[in-house]
Amino acid sequence: MKKTIVLCILTALLFTGCARMPVQPEPAAPEVVDPTVTGTTNETMPAAETASAAQPGGGITEEEAKDIAISHAGLTQDQVTFVKSHLDPEDGRKVYDVEFYTQDFKEYDYEINAETGEIVEFDSDAEFYAPPADSGAVGGITEDSAKALALERVPGATLSDIREFKADHDDGRLEYEGTIVFDKTEYEFEIDAATGEFLSWEAESVFD
């Protein structure tokens, strides 16, 4: 009888101890990150896309366009005087309009593709203009001389007061055209590039 009672007590103690033992949680499975999912903080732009976004455009500079024009004409920089050279949109594309003349007053006009450097169109004036033998101005006058002649007519005016100035051909004759703005007055003039003679001179108030 005593053995049965002891056996029952031992059995009860055994069940009580098992009930008090903590249950160990099962280890969580490692999280699998899908590399194709976007929006993570370490996502970066592919190198190829970065390179293409930073790639600059092509084309030629104004100086390169001028070099192309005079080279095509068979001339050098010291043999020509540039009248103009600027970028101009034409028929949906950008071209450089380059115009210059030589010491014997032959005029060249070029249109050059600003992207490729290709000569789109060119023209050279077949008329040569030489100053008269008795003009006393062999080879003509320079742009600086023409500006100085114009400023002499406006006491107090300086080079900074010349707002516009260019060389142009009119009926085979080279002329200098310009505008002086000084003391609330605007002066417009045309000067014969061969003789230095004033072909026109006009003055009016800037408020007119």
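1. Concerning helix α3 (residues 62-72)
Then, in step 1: All of the buried residues in α3 are Ala65, Lys66, Ala69 and Ile70. In an axial view of α3, the angular spread of the buried residues amounts to 125 degrees, which keeps them on one side of the axis.
Then, in step 2: Backbone geometry just downstream of α3 places Gly74 in the positive-phi region, at approximately 75 degrees.

2. Considerations on the sheet that holds strand β3 (residues 107-113)
Paired through backbone hydrogen bonds, the strands of a sheet run either parallel or antiparallel to each other.
Then, in step 1: Taken together, four strands build an open sheet; the order of strands is β1-β2-β3-β4 and the sheet is antiparallel. For this open sheet the edge positions go to β1 (80-90) and β4 (119-124), each flanked by a neighbour on one side alone. Each adjacent strand pair in this sheet contributes to an overall mean axis angle of 15 degrees, direction not counted.
Then, in step 2: Two elements, β1 and strand β2 (residues 93-102), share ten bridges in a ladder whose sense is antiparallel. Of the residues in β2, the one forming a bridge with Ser85 is Val98.
Then, in step 3: Where α3 meets the sheet, its contacts fall on β1, β2, β3 and β4, and the angle it forms with β2 comes to roughly 55 degrees.

3. A word on the nonpolar core
Then, in step 1: By size, the foremost hydrophobic cluster in this structure holds 19 residues, and its most contacted members are Tyr101, Ala167, Leu174, Tyr176, Ile180, Phe189 and Ile191.
Then, in step 2: Contact partners of Tyr101, with chain neighbours within four places excluded, come to Gln79, Val80, Thr81, Val83, Lys106, Glu107, Ala167, His169, Leu174 and Tyr176.
Then, in step 3: Core analysis: the next-biggest nonpolar cluster, separate from the first, contains 15 residues, Ile60, Val98, Tyr110 and Ile112 among them.

Rules used in this analysis
Residues numbered from 1 in each chain as written. Predicted model: local features only at pLDDT ≥ 70, side-chain atom pairs only at ≥ 80, totals over all residues. Heavy atoms only, no water. Buried < 20%, exposed > 50% of the residue type's maximum accessible area, 1.4 Å probe, protein only. Helix = DSSP H or I, 4+ residues; strand = E, 2+ residues; numbered from the N terminus. Arc of directions from axis to C-beta. Pairing = 2+ DSSP bridges. Axes fitted to C-alpha atoms, helices over the stretch in contact; angles between N-to-C directions. Contact = heavy atoms within 4.5 Å. Core = buried A, V, L, I, M, F, W, Y, C linked by side-chain atoms within 4.5 Å.

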